[in-house]
Amino acid sequence: MAPLAESLTTNRRYDLDWLRFIAFALLILYHIGMFYVSWGWHVKSVYASPAAEPLMSLLNPWRLSLLFFISGVAVRFASDKMASGAFAASRLKRLGLPILFGMTVIVAPQTYFELVQGGTIPAGYFAFYGDYIVPMGPWAMITPTWNHLWYVVYLLVYILLLAPFLKPLSRFAAGRGGEWFGRALGHPVSLLLVVAAPFVFYAAVFGDRFPETHALFDDWHNHANRFTIFLIGYFAAKSDRFWKTVDRALPLAAIVAAAIGAIILVYTMVPGFREAHRLGPIIGTALMTLYAWSVIVLLMGLGQRLLNRDSKTLRYLTEAIFPYYILHQTIIVVAGFYLTQLALGAWPEFLLLVLTTAGTCALLHEYLIRRVEWLRPLFGLKPRRRAGNGQPALAKA
């Protein structure tokens, strides 16, 4: 483990690479969970019930916020090495191609099996696809759609919006802005409370007027939340003071996360408790935001102490996880649609779905995506390096 006092402005943050992988892996498990809970989703297991909802409720508030935070850190490091136009063009290619490919090829089966299970259309994929690929198809949903790829869409939009201002923003973050940022978040208590404050404000301003839709143009409350945590990551990226405060805040973050997490479990597990002890929207948002950010600080603090080291495994997983993310939800939907018809029992079905999802992602990445040159950019991967003999060589993950 690199010493914490060592400058964080020039070293690659291996701990954040690990946390990025962990966050995506938990996201995949979360989407498997969506097949089993009572909440609405694309397809549902015959064994769906509220049983897993308490654990899902503990994961939901912070899983994507952590990814947007790490994305902001990554944008700061990457954009400081390139001209703004070149950086925007590179991200348009690295993220834009997977979005287009995902909407037209990867995501389409999700819509198909959702409509088939719902009884909206008869079985027959090719007949469905002819309607799916035409904008504004005949169903009560927008097609082609991006479904779980909304995170990539939003990230690309935020990068393109910031691109013209990246150089002055970088100078500001490296100078007076960074000083203000470090000072405001320089104490463990302020680190938790100051970051939580804008999200409580957004809840008061937007309230229920803008529910989360992932539809880009009407998702203003979600944009405010995601863009803010993305910017916090951008300013935190090279702030030594921020990361040292994260380390100092680890015990406090653990206590706060555990305390509010216990409240969440009581609200989701005890029948009638939510109805008898309703929290106002502002108090509820404040607690949920403080919980989410405390968990993120806790994970970052542990990551700095335990995970800030390079390895071949990390390099491989860093490359693999984005193709896994693009593929996973379609595999869950297709495999779940057929597995649940076999009436295997809840636990055998769940274990088979986990193994099928993880195994299919791993096999497709290892033996197809990373080895076929024209597939790599469709899954957000860089071109392979050239070996000394001029032949393609697999790039280091």
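The numbers attached to residues start from 1 for each chain and follow its sequence in the written order. Since the coordinates come from a predicted model, pLDDT governs what is reported: local features require at least 70, and pairs of side-chain atoms require 80 or more to be given and counted, while whole-chain, interface and lining totals use all residues. To obtain the side-chain values, all non-hydrogen atoms of the structure were included, while hydrogens and water were left out.

**Concerning the overall build of the protein**
Part 1 of the reasoning: Helix and strand definitions here come from DSSP, where helices need a minimum of 4 consecutive H or I residues and strands a minimum of 2 consecutive E residues; each element is numbered from the N-terminal end. The number of helices and strands found in the protein is 17 helices and 2 strands.
Part 2 of the reasoning: Overall, the C-alpha framework of the protein stretches about 70 × 60 × 40 Å when taken along its three principal axes.
Part 3 of the reasoning: Burial classes: relative accessible area under 20% of the type maximum marks a residue as buried, over 50% as exposed, and values in between as partly exposed (1.4 Å probe, protein chains only). Looking at the protein as a whole, 51% of its 397 residues qualify as buried.
Part 4 of the reasoning: A separation threshold of at least 6 residues defines the contact pool for the protein, and within that pool the share at least 24 residues apart is 74%.
Part 5 of the reasoning: Carbon together with sulfur atoms contributes 69% to the accessible area of the protein, which is approximately 18,600 Å² in total. Here, residues are in contact when the closest pair of their heavy atoms is within 4.5 Å. Accessible areas in this description were obtained via Shrake-Rupley with a 1.4 Å probe; residue shielding takes into account the shown protein chains only.

**Some thoughts on the nonpolar core**
Part 1 of the reasoning: Residues F69, F242, W293 and M300 are the most contacted members of the largest nonpolar core, which totals 122 residues.
Part 2 of the reasoning: Counting residues per element, this core draws most heavily on helix α16 (residues 312–339), at 15 residues.
Part 3 of the reasoning: Each residue touching W293, except ones within four places of it in the same chain, is listed here: F69, L191, L192, V195, I229, I232, F242 and M300. Among the buried residues, those of types Ala, Val, Leu, Ile, Met, Phe, Trp, Tyr and Cys that are joined through side-chain atoms within 4.5 Å form a nonpolar core.

**Digging into the pattern of salt bridges**
Part 1 of the reasoning: When a carboxyl oxygen of Asp or Glu lies within 4 Å of a side-chain nitrogen of Lys or Arg, that pair is called a salt bridge. Here the structure, examined in full by the defined rule, presents 11 salt bridges.
Part 2 of the reasoning: Close ionic contact of D80 with K238 constitutes a salt bridge, the shortest N to O distance being 2.8 Å. Taken together, the positions of D80 in the loop between α3 (63–79) and α4 (84–106) and K238 in the loop between α11 (220–236) and α12 (240–248) put the pair 158 residues apart, joining distant regions of the chain.
Part 3 of the reasoning: What you see here is one network of salt bridges that share partners, running through E319, E366, R370, R371 and R376.

**Examining the packing of α4 against helix α7 (residues 150–162)**
Part 1 of the reasoning: Note on geometry: axes are C-alpha line fits, over the in-contact stretch for helices, and angles between N-to-C directions span 0 to 180 degrees. The geometry of α4 relative to α7 is characterised by a closest axis approach of 10 Å and an angle of 165 degrees between their N-to-C directions. Considering the angle they form, α4 stands roughly antiparallel to α7. α7 is crossed by α4, and the crossing has left-handed handedness. In this structure, α4 uses F87, A88, R91, L92, L95, G96 and I99 to contact α7, whose residues at the interface are V152, V153, L155, L156, I159 and L160.
Part 2 of the reasoning: By residue class, the composition of the contact of α4 with α7 is 11 nonpolar, 1 polar and 1 charged. Angular relationships are summarised with four words: roughly parallel below 35 degrees, roughly antiparallel beyond 145, roughly perpendicular across 65 to 115, and oblique for the angles in between. Should the near helix be turned counterclockwise from the far one by less than a right angle, the crossing is left-handed, whereas a clockwise turn marks it as right-handed. Residues were grouped as follows: Ala, Val, Leu, Ile, Met, Phe, Trp, Tyr, Cys and Pro as nonpolar; Asp, Glu, Lys and Arg as charged; and all remaining residues, including Gly, as polar.

**Quick look at unusual backbone geometry**
Part 1 of the reasoning: In this structure, P144 follows T143 across a cis peptide bond, with omega equal to -10 degrees.
Part 2 of the reasoning: Within the secondary structure layout, P144 lies in the loop between α6 (125–132) and α7.
Part 3 of the reasoning: Even without being a glycine, L216 presents a positive backbone phi close to 75 degrees.
Part 4 of the reasoning: Mapped onto the elements of the fold, L216 is located in the loop between α10 (188–206) and α11.
Part 5 of the reasoning: By relative accessible area, which is 14% here, L216 ends up buried.
Part 6 of the reasoning: With phi around 50 degrees, A343 is a residue other than glycine that occupies positive phi space.
Part 7 of the reasoning: For A343, the location among the structural elements is in the loop between α16 and α17 (346–369).
Part 8 of the reasoning: Residue classification places A343 among the exposed residues on the basis of a relative accessible area of 57%.

**Topic: the environment of L115**
Part 1 of the reasoning: By the element assignment, L115 lies in helix α5 (residues 108–117).
Part 2 of the reasoning: According to the relative accessible area criterion, L115 is buried, its value standing at 4%.
Part 3 of the reasoning: Along the backbone, L115 and Y125 are 10 residues apart, and their C-alpha atoms lie at a distance of 11 Å.
Part 4 of the reasoning: For L115, the residues in contact, after removing those within four places along its chain, are T120, I121, F128, W139 and M141.

**With respect to the confidence of the model for the protein**
Part 1 of the reasoning: Overall, the prediction assigns the protein a mean pLDDT of 92, with 94% of residues at 70 or greater.
Part 2 of the reasoning: One number per residue, pLDDT, summarises how confident the predictor is, and it ranges from 0 to 100. Counting interchain partners and residues more than four positions distant, the pLDDT-below-50 stretch residues 1–10 has 21 contacts.
Part 3 of the reasoning: Across residues 387–397 the pLDDT falls below 50, and counting only partners more than four positions away or on other chains, this stretch makes 24 contacts in the model.

**As for the packing of aromatic side chains**
Part 1 of the reasoning: Between 30 and 60 degrees the pair is tilted, below 30 it is stacked and above 60 it is edge-to-face, where a pair is any two Phe, Tyr or Trp rings, Trp via its six-membered ring, whose centres lie within 6.5 Å. In total, this model carries 41 aromatic pairs according to the counting rule given.
Part 2 of the reasoning: Three or more aromatic residues joined by ring pairs make a cluster, and in this case those are F24, F68, W150, Y151, Y154, Y158, F227, F230, F322 and Y325.
Part 3 of the reasoning: Only when the NZ of Lys or the CZ of Arg is both within 6 Å of the ring centre and within 35 degrees of the ring normal is a charge said to sit over the ring. In this structure, R76 packs its charged tip against the face of Y234, placed 5.3 Å from the ring centre.

**A look at a nonpolar patch on the surface**
Part 1 of the reasoning: Patch membership requires more than 30% relative accessible area and the absence of a salt bridge. Residues of like charge join within 9 Å; the nonpolar side chains Val, Leu, Ile, Met, Phe, Trp and Tyr join within 5 Å. On the surface, V266, M269 and V270 cluster together to form a nonpolar patch covering roughly 240 Å² of accessible area.
Part 2 of the reasoning: With respect to the helices and strands, the residue V266 is situated in helix α13 (residues 250–269).

**Considerations on the side chain of T143**
Part 1 of the reasoning: Of note, T143 is situated in the loop between α6 and α7.
Part 2 of the reasoning: Given a relative accessible area of 2%, T143 falls into the buried group.
Part 3 of the reasoning: Within the structure, T143 has its side chain in polar contact with the backbone nitrogen of G137 (distance 3.4 Å).
Part 4 of the reasoning: Beyond its immediate stretch of four places on either side in the chain, T143 contacts T111, D131, Y132, V134, P135, M136 and G137. Counted as a polar contact is a pair of N or O atoms within 3.5 Å, where, for protein atoms, one must be capable of donating a hydrogen and the other of accepting one, and residues adjacent in sequence contribute only when both atoms are in side chains.

**With respect to the environment of A48**
Part 1 of the reasoning: Relative to the elements of secondary structure, A48 occurs in the loop between α1 (14–34) and α2 (53–59).
Part 2 of the reasoning: A48 sits 184 residues away from I232 along the chain, and the two C-alpha atoms are 37 Å apart.
Part 3 of the reasoning: Once you skip the residues sitting within four places of it in the chain, A48 turns out to touch F35, Y36 and V37.

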